[in-house]
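# Overview (structure and organization)
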Amino acid sequence: MDGRGWAAGLRKMETGTKAAAGRMAGQMSSMIGGVFAVGAIIGGTRRMIDHADAIDKTAKRLEASTETVQKFDFAANQSGANLESVQDAFMDLAKAIQEAKDGAETKRKALLDFGVTMQMLRTARPEEVFLKIAEAIEKAGGAMDKAKSLEELMGGGGRKLVPAFVSGFSGLMSQAPKGIDEETIQKLVKFNDEMDRMKREMLPAGAASVGVLADMFAMFSESQGPGGGLSDALMP
């Protein structure tokens, strides 16, 4: 074969190698992309389940609907607060409302400072009273001449929410997008509980397996004598 034949052969080999490398790179890219895609789906699913579980637990603590809690969550996040602060303030308010109904004058006066009358308390739900107070603070522009009354009703949680109330917390609740429906939330909660149960049931077996493996490593190390541990045995 003359020089031209060798050159042609090398070019053909180079072209074939580049093509194979290109195919391999494409396959690797697809595989890596698939792994990340699956990871993203699993991560997104986990976050959705955790979110539904948190909403359900908060709704039970507040004795409110999951729809209301999701609106609270949206408004809190949009106004720079968080659901935990809303929960603390709401629970204190619910307690204060009950005390006002039972005749506590200090609670009645504090509620009246925000325009909440005893007549309203007889028919309004706690979340309606909560929003009434939020609206009153928003209209006042944060001028807290009724700071003592707010603390009387909502405690420290109420103080933390003043910036959120001024930012239009009540209006943000009305703008909240449609949340997860109650039936779906209960399905996700049940699934989460089942996964937790399975994980806990598997723990003893998993711990026992690790224990057996630890014993095997210990026996192997002893059989190698001093200075003959597993890491030394694996060294070339």
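Residues numbered from 1 in each chain as written. Predicted model: local features only at pLDDT ≥ 70, side-chain atom pairs only at ≥ 80, totals over all residues. Heavy atoms only, no water.

## Overview of the overall build of the chain
When helices and strands are counted, the chain shows 10 helices and zero strands. Scanning the chain from its N terminus toward the C terminus, one meets helices and strands in the order α-α-α-α-α-α-α-α-α-α. By the burial criterion, 28% of the 236 residues in the chain qualify as buried. (Helix = DSSP H or I, 4+ residues; strand = E, 2+ residues; numbered from the N terminus. Buried < 20%, exposed > 50% of the residue type's maximum accessible area, 1.4 Å probe, protein only.)

## Thoughts on the nonpolar core
Counting 44 residues, the largest nonpolar core has Phe-130, Ile-133 and Phe-169 as its most contacted members. Secondary-structure elements contributing two or more residues to this core are helix 1 (3–62), helix 2 (66–78), helix 3 (83–101), helix 4 (105–112), helix 6 (126–139), helix 7 (147–166), helix 8 (169–175) and helix 9 (182–223). (Core = buried A, V, L, I, M, F, W, Y, C linked by side-chain atoms within 4.5 Å.)

## Topic: the packing of helix 3 against helix 7
When two helices pack together, their arrangement is captured by the angle between the axes and the distance separating the axes. With their axes 7 Å apart at the nearest point, helix 3 and helix 7 run at an angle of 160° to one another. Taken together, the axes of helix 3 and helix 7 are roughly antiparallel relative to one another. Where helix 3 crosses over helix 7, the two elements pack in a sense that is left-handed. Together, Ser-85, Val-86, Asp-88, Ala-89, Asp-92, Leu-93 and Ala-96 of helix 3 and Glu-152, Leu-153, Met-154, Gly-155, Gly-157, Gly-158, Lys-160 and Leu-161 of helix 7 make up the contact between the two elements. Here the contact of helix 3 with helix 7 is composed, by residue class, of seven nonpolar, four polar and four charged. (Axes fitted to C-alpha atoms, helices over the stretch in contact; angles between N-to-C directions. Parallel < 35°, antiparallel > 145°, perpendicular 65-115°, else oblique. Left-handed = near helix turned anticlockwise from the far one by under 90°. Contact = heavy atoms within 4.5 Å. Nonpolar A, V, L, I, M, F, W, Y, C, P; charged D, E, K, R; others polar.)

## Structural notes on the side chain of Asn-192
For Asn-192, the position within the fold is in helix 9. Within the local environment of Asn-192, its side chain forms a polar contact with the side chain of Arg-46, the two groups lying 2.5 Å apart. Each residue touching Asn-192, except ones within four places of it in the same chain, is listed here: Arg-46, Ile-49, Asp-50 and Asp-53. (Polar contact = N/O pair within 3.5 Å; in protein donor to acceptor, adjacent residues only side chain to side chain.)

## Describing the pattern of salt bridges
When the charged atoms of two side chains with opposite charge come close together, those side chains can pair. Under the defined criterion, the tally for this structure stands at 13 salt bridges. Residue Asp-56 pairs with Lys-60 through a salt bridge whose shortest N-O separation is 2.8 Å. Residue Asp-56 and its partner Lys-60 are both found in helix 1; the two are separated by four residues, about one turn of the helix. Classification of Asp-56 as buried rests on a relative accessible area of 6%. What makes Lys-60 exposed here is its relative accessible area of 55%. Counted as one network, the salt bridges with shared partners bring together Glu-99, Lys-107 and Glu-152. (Salt bridge = Lys/Arg side-chain N within 4 Å of Asp/Glu carboxyl O.)

## Comments concerning the confidence of the model for the chain
Mean pLDDT over the chain works out to 80, with 72% of the residues at or above the 70 mark. Confidence drops under pLDDT 50 across residues 6–10; counting only partners more than four residues distant or on other chains, this segment forms one contact. (pLDDT = per-residue confidence, 0-100.)

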